[in-house]
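# Working through the structure, step by step
Take a look at the letters that make up each chain.
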Amino acid sequence: MTHKTLIKVRGYHLDVYQHVNNARYLEFLEEARWSYLEDHGDVAWFAEHKLAWVIVNININYRDAATMGHTLEVQTRFSKIGSKSAAIHQAIYIAGTDKLVADADITFVCLDQKTGKAVAIEGDVKQRLEQHLTS
């Protein structure tokens, strides 16, 4: 399932070249992941189970420039659930167009907040994550 988040480009997102600074795209991607998790009830579920998502790798491709006034559509979807980590693919488009601005693959682990260690993705956690691949 692909989740969509809209983000308006503001002046403070821009760099000296008047396009979105590369570091801002990481913030846009994070905002979209939080939106996805909130919309599916995952923030509350993982908090209840004392688990946190910790990013262990981000591979991002910058494809084209976004500028002030653009509305960006961030598409987020789970792409893989493994035994120790999971991956999300995200793509940022200029809303209403097929112009791809950036795309990224993000790998995360589930961290036990009591021990500070990553847990295996199995049982209820695996079931919770796998629903995102099929819904």
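The notes below deal with the structure included here. Just so it is clear, the structure is predicted and the values come from calculations on it, not from any experiment.

Of the regular secondary structure elements, the protein chain holds three helices and six strands. Secondary structure elements of the protein chain occur, N-terminal to C-terminal, as β-α-α-β-β-β-β-β-α. Here the C-alpha radius of gyration of the protein chain, 16 Å, is about what a compact globule of 135 residues would show, namely 14 Å. Expressed as lengths along the three principal axes of its C-alpha atoms, the size of the protein chain is roughly 45 × 30 × 25 Å. Taken over 135 residues, the protein chain has a buried fraction of 38%.

Below, the discussion takes up the side chain of E73. Along the chain, the position of E73 falls in strand β3 (residues 71-81). No salt bridge is formed by the buried E73, whose closest oppositely charged neighbour, K4, lies at an N-O distance of 4.2 Å. Within the local environment of E73, its side chain forms a polar contact with the side chain of Q75, the two groups lying 2.7 Å apart. Here E73 is in contact with K4, T5, L6, A91, I92, Y93 and A95, once residues within four sequence places are set aside.

Further remarks concern helix α1 (residues 22-39). Here α1 is 18 residues long and its end C-alpha atoms lie 27 Å apart, about the 26 Å a rise of 1.5 Å per residue gives. With a side-chain oxygen lying 2.8 Å from the backbone nitrogen of A23, the N-terminal cap of α1 falls on N21. Once α1 ends, the next one or two residues include G41, with phi positive near 75°.

Analysis parameters
- Residues numbered from 1 in each chain as written.
- Predicted model: local features only at pLDDT ≥ 70, side-chain atom pairs only at ≥ 80, totals over all residues.
- Heavy atoms only, no water.
- Helix = DSSP H or I, 4+ residues; strand = E, 2+ residues; numbered from the N terminus.
- Rg over C-alpha atoms; globule rule 2.2 N^0.38 Å.
- Buried < 20%, exposed > 50% of the residue type's maximum accessible area, 1.4 Å probe, protein only.
- Lys, Arg positive; Asp, Glu negative; His and termini not counted.
- Salt bridge = Lys/Arg side-chain N within 4 Å of Asp/Glu carboxyl O.
- Polar contact = N/O pair within 3.5 Å; in protein donor to acceptor, adjacent residues only side chain to side chain.
- Contact = heavy atoms within 4.5 Å.
- Expected span 1.5 Å × (residues − 1).

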